[in-house]
Amino acid sequence: MAHDNEEIRSETPDDNIFEIKDCALIAIATGESAVTLKEFFNIINKITPASIYHHFWGGLLLPRFEEREFNNDFASWAKRELDDDKLAEQLALISPTDFPDLESLRREIIDVVMERMNEASCLSWFPASSALEFIRSRIVVFDTHVRVAEPRELGEIIPDLSPSTIFYHFIDARRRVAEGKDDFRAWLENWEECSGLCEKLADLDPYFDTLNKLRSRIAAVFAEFFQGG
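Residues numbered from 1 in each chain as written. Predicted model: local features only at pLDDT ≥ 70, side-chain atom pairs only at ≥ 80, totals over all residues. Heavy atoms only, no water.

S.K.: What is the right way to look at the overall build of the protein chain in this model?
M.R.: Across its full length, the protein chain carries 11 helices and 3 strands. Going from N to C terminus, the protein chain has its helices and strands arranged as β-β-α-α-α-α-α-α-β-α-α-α-α-α. Here the protein chain has a C-alpha radius of gyration of 19 Å; the compact-globule value for 229 residues is 17 Å, and the two agree. When its C-alpha atoms are laid out on the principal axes, the protein chain stretches across 60 × 35 × 35 Å. Sorting the 229 residues of the protein chain into buried and exposed places 46% on the buried side. Put simply, of all contacts in the protein chain between residues at least 6 apart along the chain, 75% involve residues at least 24 apart. Total accessible area computed for the protein chain in this model is approximately 11,700 Å², and 49% of it derives from carbon and sulfur atoms. Mean positive and mean negative side-chain charge positions of the protein chain (25 and 44 charges, respectively) differ by 3 Å. (Helix = DSSP H or I, 4+ residues; strand = E, 2+ residues; numbered from the N terminus. Rg over C-alpha atoms; globule rule 2.2 N^0.38 Å. Buried < 20%, exposed > 50% of the residue type's maximum accessible area, 1.4 Å probe, protein only. Contact = heavy atoms within 4.5 Å. Areas by Shrake-Rupley, 256 points an atom, 1.4 Å probe, with all protein chains shown as cover. Lys, Arg positive; Asp, Glu negative; His and termini not counted. Charge placed at Lys NZ, Arg CZ, Asp CG, Glu CD.)

Listed below in structure tokens is the structure:
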């Protein structure tokens, strides 16, 4: 099943059963590209939110042999193609988890770029060595047919979940679940005794880790909670 933003649910949802899903991101060209910072500014003002999502989160699902220098594509482009270290650092400091929605994130990017262009007019028109191609994502969701019925059981299988499953349930869920929660916390709220576990999971920022590291951190939170209990 493929979708952009809609929530995926089973036909007969059961709050007491957690359905493990997996996913993949399909990259789709928007037809928009920027060679100068001014062009970037004009496009970021109007581009679909799905493109902003892709350029901040999509890289997590790409196979890599080394750590990324920057966590979002905009910062990487500013560094490598515009050769603007200051702008790259400012864009790299933006964490999407600090914003309630993609429109708020868009406004932050706009403010950072506008401030940088105001520092020197030549920065607006300086050509990059390579254009930034704006991409949007379409997420394809797969049912693993794995089901868990109680919190301890979920904690036990976390280490065996694929990185893309972690992405779907702990990151992409924040677009689908009320109050920007991940799927794990949304489900665990059915158990009053798991309030402490939910608080610990809420403290995890998924943006600055690889998915493998994030999975390990989530697993450690579960393990600590149930061993302590």
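Anyway, onward from the coordinates.
S.K.: Just checking my understanding: could you explain the state of the cysteines for this structure?
M.R.: Disulfide: a covalent bond connecting the sulfur atoms of a pair of cysteines. Applying the stated rule across the entire model yields 0 disulfides. Cys 198 supplies the cysteine sulfur nearest to Cys 194, a cysteine that is in no disulfide, at a spacing of 6.5 Å. When its relative accessible area of 2% is taken as the criterion, Cys 194 is described as buried. (Disulfide = S-S within 2.5 Å.)

S.K.: I keep staring at the pattern of salt bridges and nothing clicks. Help me out?
M.R.: A side chain of one charge can pair with a side chain of the opposite charge when the charged atoms of the two come close. Evaluation of the coordinates by the stated rule reveals 15 salt bridges. Here Asp 85 and Lys 79 are joined by a salt bridge, their closest N and O atoms 3.0 Å apart. (Salt bridge = Lys/Arg side-chain N within 4 Å of Asp/Glu carboxyl O.)

S.K.: Explain the packing of aromatic side chains here, please?
M.R.: A ring pair, where both rings are aromatic, is described by two values, the distance of the centres and the angle of the planes. All told, the structure shown has 14 aromatic pairs when counted by the stated rule. Ring centres of Phe 225 and Phe 226 lie 5.1 Å apart, and the angle between their planes is 85°; on these two criteria the pair is classed as edge-to-face. Aromatic ring contacts, followed pair by pair, group Phe 40, Phe 56, Trp 57, Phe 74, Trp 77, Phe 134, Tyr 207 and Phe 208 into a single cluster. Over the ring of Tyr 168 we find Arg 176; its NZ or CZ atom is 4.1 Å from the centre of that ring. (Phe/Tyr/Trp six-rings, centres within 6.5 Å; stacked < 30°, edge-to-face > 60°. Lys NZ or Arg CZ within 6 Å of the ring centre and 35° of its normal.)

S.K.: Can you walk me through the environment of Phe 56 in this structure?
M.R.: Within the secondary structure, Phe 56 sits in helix 2 (residues 49-57). Here the alpha-carbon distance between Phe 56 and Asp 73, two residues 17 residues apart in the chain, equals 6.6 Å. Ignoring anything within four residues of it in the chain, the contact list for Phe 56 reads Asn 71, Asn 72, Phe 74, Ile 94, Pro 96, Leu 105, Ile 109 and Tyr 207.

S.K.: Where do I start with the confidence of the model for the protein chain in this structure?
M.R.: A low pLDDT score tells you not to read the predicted coordinates there in detail. Residues at a pLDDT of 70 or more form 90% of the protein chain, whose mean pLDDT is 90. By mean pLDDT, the top-scoring element of the protein chain is helix 1 (residues 37-44) (98), and the lowest-scoring one is strand 1 (residues 2-3) (48). With pLDDT under 50 throughout, residues 5-13 is counted as low confidence; its partners more than four residues away or in other chains account for 11 contacts. (pLDDT = per-residue confidence, 0-100.)

S.K.: Explain helix 8 (residues 163-171) to me, please; I cannot follow it from the model alone.
M.R.: The periodicity of an α-helix, 3.6 residues per turn, causes residues three or four places apart in sequence to face the same way. The element helix 8 is largely enclosed, with a buried count of 8 among its 9 residues. On its buried face, helix 8 sits against strand 2 (18-34), helix 2, strand 3 (132-148), helix 9 (183-188), helix 10 (195-202) and helix 11 (211-228).

S.K.: Would you take a moment to explain the nonpolar core for this structure?
M.R.: Considering soluble globular proteins, one finds that nonpolar side chains tend to be buried as a cluster. Of all hydrophobic cores here, the largest spans 64 residues; its most connected members are Phe 40, Ile 109, Leu 201 and Ile 218. Not counting chain neighbours up to four residues away, the residues in contact with Ile 109 comprise Phe 40, Ile 44, Ile 52, Phe 56, Phe 74, Leu 91 and Ile 94. (Core = buried A, V, L, I, M, F, W, Y, C linked by side-chain atoms within 4.5 Å.)

S.K.: Explanation requested: the environment of Leu 91 in the structure shown.
M.R.: Take Leu 91: it is sitting in helix 4 (residues 85-92). Residues Leu 91 and Arg 217, spaced 126 residues apart in sequence, show a C-alpha to C-alpha distance of 26 Å. The contact partners of Leu 91, leaving out residues within four places of it in the chain, are Asn 72, Phe 74, Ala 75, Ala 78, Ile 109 and Val 112.

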